[in-house]
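Residue-level structural notes
Read off the chains here:
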Amino acid sequence: MTRSSTSQDADLNNDNKDNDLSKNSIPDGAGANAKAKTSMTTKNSDAKKETKASGKKTKKALENEPLPSKLETEKQSGLLAGIIERAAKSGLGRKKLDPSIVAEDVAKNMTPAMTNPSQLRLAFLGGGSFGTAMANLAAKNGCDTTLWVRNKRTVKSLSKHRMNKKYLAGFKLDDDLKFSHDLKSAISDTDIIFVAVPSIGFRETLKNIAPFITGQAIVSLTKGMEKDTFALMSDIIKDELPEVNFGVMSGPNLAIEIMKNMPSATVIASDSEPLRHAVQSALHSAFFRVFASDDVRGVELGGALKNIYAIAMGMAAAYEVGENTKAMLLTRALAEMSRFGVETGANPLTFLGLAGVGDLYATCSSELSRNYRIGNMLGRGMSIQAAVKKLGQTAEGVNTIQQVHEKATREGIYMPITHALYAVIFEDKAALGVALHLMEAGFRSDVEFVMPHDHSNAALSAQMQAAQQMSDHQSPSADD
């Protein structure tokens with residue numbers, strides 16, 4: 001299979017089959033790494049000489065050049081520049097890296113990316129729809145891939161029928177995909193462990209694999225938050241396996257569409273460049289593109305928060321709302337996501353990518369989305385317990401609504417849609433009444449990173465509420 005140019009550029013020659021992605025590993029072929037380091041150091045030295053020479057030539061020209069006028073300066077500060085400036089000022093922009101440090105780090109720690117994906121040894125934990133789809137994709141790419149599921153009977157069914165009848169009925173799995181219910185054998189001697197279990201069982205799974213970790217990297221495929229702790233999956237990884245190299249993967253990835261070979265894309269976020277390249281090498285194909293990010297918090301929050309608004313959109317669809325309403329709900333959802341993300345350490349620009357608006361759109365507009373279906377059933381009058389039972393799968397958004405509502409209330413983060421959903425689902429408030437209250441909730445700025453929500457808006461909202469209360473108080477009662 002033809003590899004992408006991005007993955008090929010990342011590949012280094014490798015005569016050894018071991019692919020250790022642990023934080024402290026030093027790959028074989030130290031001589032080659034030393035040469036790479038020397039080469040990069042030489043290039044950096046040459047670049048410095050050229051810069052110095054160029055600076056001498058242009059110094060006089062720059063001194064004679066007139067300063068830009070105020071009008072020209074204003075023209076250069078566009079909308080996007082303003083957003084980026086705000087992100088940088090708040091410490092949320094891309095980190096500034098010293099090229100010499102990067103070169104040294106890559107020379108030391110860059111595990112040679114495999115020119116042949118079959119040399120990557122992978123384990124996928126969790127036999128749900130997405131875990132199965134990703135394991136199947138890796139196996140098709142030639143990776144040595146094992147899918148682990150808890151139930152021994154399920155393993156026998158998968159092996160016999162080459163099909164996940166419960167979650168992906170009708171889709172034949174790759175002949176080279178292996179199955180196991182033995183956790184130790186599934187993850188031993190692997191390079192990367194992809195964890196695709198529901199958030200409620202994520203910590204337990206990591207505790208179970210801890211005795212067998214010998215340098216494997218961990219990648220979370222789970223989109224959600226731990227109940228009662230607000231811990232994201234990356235937080236749990238750091239708690240339970242503090243020494244491992246890890247990443248998170250998220251994006252608009254409906255499993256059935258991936259199995260149908262419909263063009264799709266995802267994001268792998270990690271502080272480790274070698275791990276990002278390894279995941280790209282394992283999963284990238286003609287129908288599935290893997291983009292990279294170093295904003296772990298932003299990518300993970302995008303994948304978790306969008307489930308909230310998929311439930312809202314499913315409810316709206318049940319009430320047969322118009323396209324204007326859907327567009328309003330979608331864009332205000334994105335505003336909430338980015339607002340919450342910034343308050344919890346994410347880069348707001350991440351929410352403009354696949355893990356933010358991309359995943360939000362796919363989840364909020366497709367009946368394939370479990371959270372959308374839960375919302376639709378709620379909108380048709382079904383209780384949350386009955387809707388979850390009928391779905392038969394985990395809908396992460398229900399727990400996420402509760403976690404985000406509590407955290408936002410505690411820390412004063414403005415999340416009106418989330419609070420409204422909490423009122424409907426957990427306080428049994430009437431959905432139409434809650435929606436009407438949202439529409440009457442005063443004035444705010446549209447994009448807060450362009451024009452912050454200032455005190456004048458807050459004051460005007462307070463005046464409106466006071467006027468409404470006075471009007472209600474003065475209105476004649478039925479007894480008058």
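Up top is the structure these notes are about.
Being a predicted model, the structure only gives us computed values, none of them experimental. Per chain, residue numbering runs from 1 following the sequence as it is written. Local features in a predicted model are, by the rule used here, given only for residues with pLDDT of at least 70; side-chain atom pairs are given and counted only at 80 or more, and totals for whole chains, interfaces and linings are based on all residues. As a convention, hydrogens and water are excluded, and side-chain values are obtained from all of the structure's heavy atoms.

1. Describing the overall build of the chain
The line we're drawing: Helix numbering and strand numbering both begin at the N terminus, where a helix is a DSSP run of H or I of at least 4 residues and a strand a DSSP run of E of at least 2. Relative accessibility under 20% of the residue-type maximum defines a buried residue, over 50% an exposed one, and the middle range a partly exposed one, all with a 1.4 Å probe and only protein chains included. Here, residues are in contact when the closest pair of their heavy atoms is within 4.5 Å. Computed by Shrake-Rupley with a 1.4 Å probe, the accessible areas treat only the displayed protein chains as cover when residues are assessed.
For the chain, the count of helices and strands is 21 helices and eight strands. Looking at the chain as a whole, 46% of its 480 residues are labelled buried. Partitioning the contacts of the chain with sequence separation of at least 6, the portion at a separation of at least 24 is 73%. Here the chain has roughly 25,700 Å² of accessible surface; of this, 54% comes from carbon and sulfur atoms.

2. Considerations on the pattern of salt bridges
Formally: Within this document, salt bridges are pairs made up of a side-chain nitrogen of Lys or Arg and a carboxyl oxygen of Asp or Glu, the two lying within 4 Å of each other.
Tallied over the entire structure, the rule returns 13 salt bridges. Across the pair arginine 203 and glutamate 226 runs a salt bridge whose closest N-O atoms are separated by 2.8 Å. With a gap of 23 residues between them, arginine 203 in helix H9 (residues 202–209) and glutamate 226 in the loop between strand E5 (217–220) and helix H10 (233–240) connect regions that are remote in the sequence. Its relative accessible area of 19% is what places arginine 203 among the buried residues. The residue glutamate 323 makes a salt bridge to lysine 326 at a minimum N-O spacing of 3.4 Å. Remark: lysine 326 and glutamate 323 occur in helix H14 (residues 323–343); sequence separation between them is three residues, near one turn of the helix. Several salt bridges converge on common partners, so that one network encompasses Arg203, Glu226, Asp239 and Glu240.

3. Description of the nonpolar core
Convention followed: In these notes, a set of buried Ala, Val, Leu, Ile, Met, Phe, Trp, Tyr and Cys residues joined through side-chain atoms within 4.5 Å is what counts as a nonpolar core.
In this structure, Leu305, Tyr309, Ile311, Phe340 and Ile374 are the most contacted members of the largest nonpolar core, which totals 46 residues. Of all the secondary-structure elements, those providing two or more residues to this core are helix H13 (296–318), H14, helix H15 (354–365), helix H16 (370–379), helix H17 (384–391), helix H18 (396–411), helix H19 (416–426) and helix H20 (431–439). With eleven residues, H13 is the single largest residue contributor to this core. What isoleucine 374 contacts, discounting residues up to four positions off in sequence, is Ile311, Ile384, Ala387, Val388, Leu391, Ala395 and Val398. If you look at the next biggest cluster of nonpolar residues, it comprises 38 residues, including Ala138, Ala139, Val279 and Ala282.

4. Structural notes on the packing of aromatic side chains
The condition that has to hold: Stacked, edge-to-face and tilted labels apply to pairs of Phe, Tyr and Trp rings (six-membered ring for Trp) whose centres lie within 6.5 Å, assigned for plane angles under 30 degrees, over 60, and everything in between, in that order.
Taken as a whole and judged by the stated rule, the model has three aromatic pairs. Ring geometry for phenylalanine 230 against phenylalanine 340: centres 5.7 Å apart, planes inclined by 70°, an arrangement best described as edge-to-face. Within this pair, whereas phenylalanine 230 is found in the loop between E5 and H10, its partner phenylalanine 340 is found in helix H14, the two being separated by 110 residues in sequence. A residue is classified by how much of its surface remains accessible, and phenylalanine 340, at 0% relative accessible area, is buried.

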